[in-house]
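Survey of secondary and tertiary structure
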Amino acid sequence: MKKNQFKLIIIVLLCWMATEANAQWAVGAKFGPTWTTADCSHSGRIDETFSPLTGMDAGFFARREFNDWVALRADLSVMLRSHRMDRNLHYLDPVYTEYRNIYAMLPVMGDFSFGGERLRGHLLCGGFAGYWLEAHRNGKTYWMTDYYVYFNDFNEKREFNSEDQRFTAGAVGGIGLSFEATSHEVFFLESLYYYDLVSYHKGYAHLSDPRYLNTLSVSLGFYYKF
């Protein structure tokens, strides 16, 4: 190994050790509402309109603070990602379905902060992975005869099938505001946007039909610095 390369490795190791020596751990919890929209291809379904519904996000996280303005954070939460589909044909106006999907979510984000000693702003960005735990749906469906259209209410837990993609992943980012009440206790308010890059529908043999969920969350939280 060349002498200059050896010196470079030593310098990198010393910098890493200095960073770790000053790093600080924190653990916390968060809770708040979500709003989810479905981004669909509308293949063969041009009469469907999708709109967001309110859900929730609750979980815990660990935070590693390397200095005053850079930290790394990993969350583990349960998120209700709900949305609604309406049929927009005139004679099917009453027909709709509300989807309530429960996901386990694991976002990992860089946390870049700025501001004063106690009140600070935050920019967060990173990626996430998730797993679809349960699927529920309710609404109003229909059936037709030669002379009439009949409507019927339903409310059911949906079983997963081979067309469902239960694993998801994507990009996440947002902004936040934190208040350091003491040297160890911090309260925060933040908003994050989860952008799916994996379709929750695998499609059919001869038809590509991608469908994505995109979720906006607003959370209140607290974390404790050790």
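These numbers were taken from a predicted model, which means no experiment stands behind them.

1. A few points about the environment of Tyr96
- Here Tyr96 shows up in strand S4 (residues 96–115).
- Taking the C-alpha atoms as reference points, Tyr96 and Glu48, 48 residues apart in sequence, are found 9.1 Å from one another.
- Ignoring any residue separated from it by four or fewer positions in sequence, one finds Tyr96 in contact with Arg84, Met85, Asp86, Asn138, Gly139, Lys140 and Phe154.

2. Concerning the packing of aromatic side chains
- Under the criterion given, the structure shown has 10 aromatic pairs.
- Aromatic pair Phe128 and Tyr194: ring centres 5.3 Å apart, planes at 75 degrees, arrangement edge-to-face. Separated by 66 residues along the polypeptide, Phe128 in strand S5 (residues 119–144) and Tyr194 in strand S8 (residues 185–196) bring together distant segments of the chain. Exposure class is identical for Phe128 and Tyr194. Each is buried.
- For the ring pair Tyr224 and Phe226, a centre distance of 5.4 Å and an interplane angle of 75 degrees mean the geometry is edge-to-face.
- Note on Tyr224: relative accessible area 31%, which makes it partly exposed.
- Given the relative accessible area of 56%, Phe226 is considered exposed.
- Within the aromatic cluster, the residues linked to one another by ring pairs are Tyr103, Trp132, Phe160 and Tyr200.
- In this structure, Arg81 is placed above the aromatic ring of Tyr103, and the distance from its NZ or CZ to the ring centre is 5.1 Å.
- The positively charged end of Arg84 is found above the aromatic ring belonging to Tyr96, 4.1 Å away from the centroid.

3. Quick notes on the pairing of strand S1 (residues 24–40)
- In terms of strand pairing, S1 meets strand S2 (residues 48–65) through 13 bridges, oriented antiparallel. Bridge pairing in S2 places Gln24 opposite Glu65.
- When S1 meets strand S9 (residues 211–225), the two strands line up antiparallel, connected through 13 bridges. Within S9, the residue paired with Ala29 across the bridge is Phe222.

Scoring rules and cut-offs
- Residues numbered from 1 in each chain as written.
- Predicted model: local features only at pLDDT ≥ 70, side-chain atom pairs only at ≥ 80, totals over all residues.
- Heavy atoms only, no water.
- Helix = DSSP H or I, 4+ residues; strand = E, 2+ residues; numbered from the N terminus.
- Contact = heavy atoms within 4.5 Å.
- Phe/Tyr/Trp six-rings, centres within 6.5 Å; stacked < 30°, edge-to-face > 60°.
- Buried < 20%, exposed > 50% of the residue type's maximum accessible area, 1.4 Å probe, protein only.
- Lys NZ or Arg CZ within 6 Å of the ring centre and 35° of its normal.
- Pairing = 2+ DSSP bridges.

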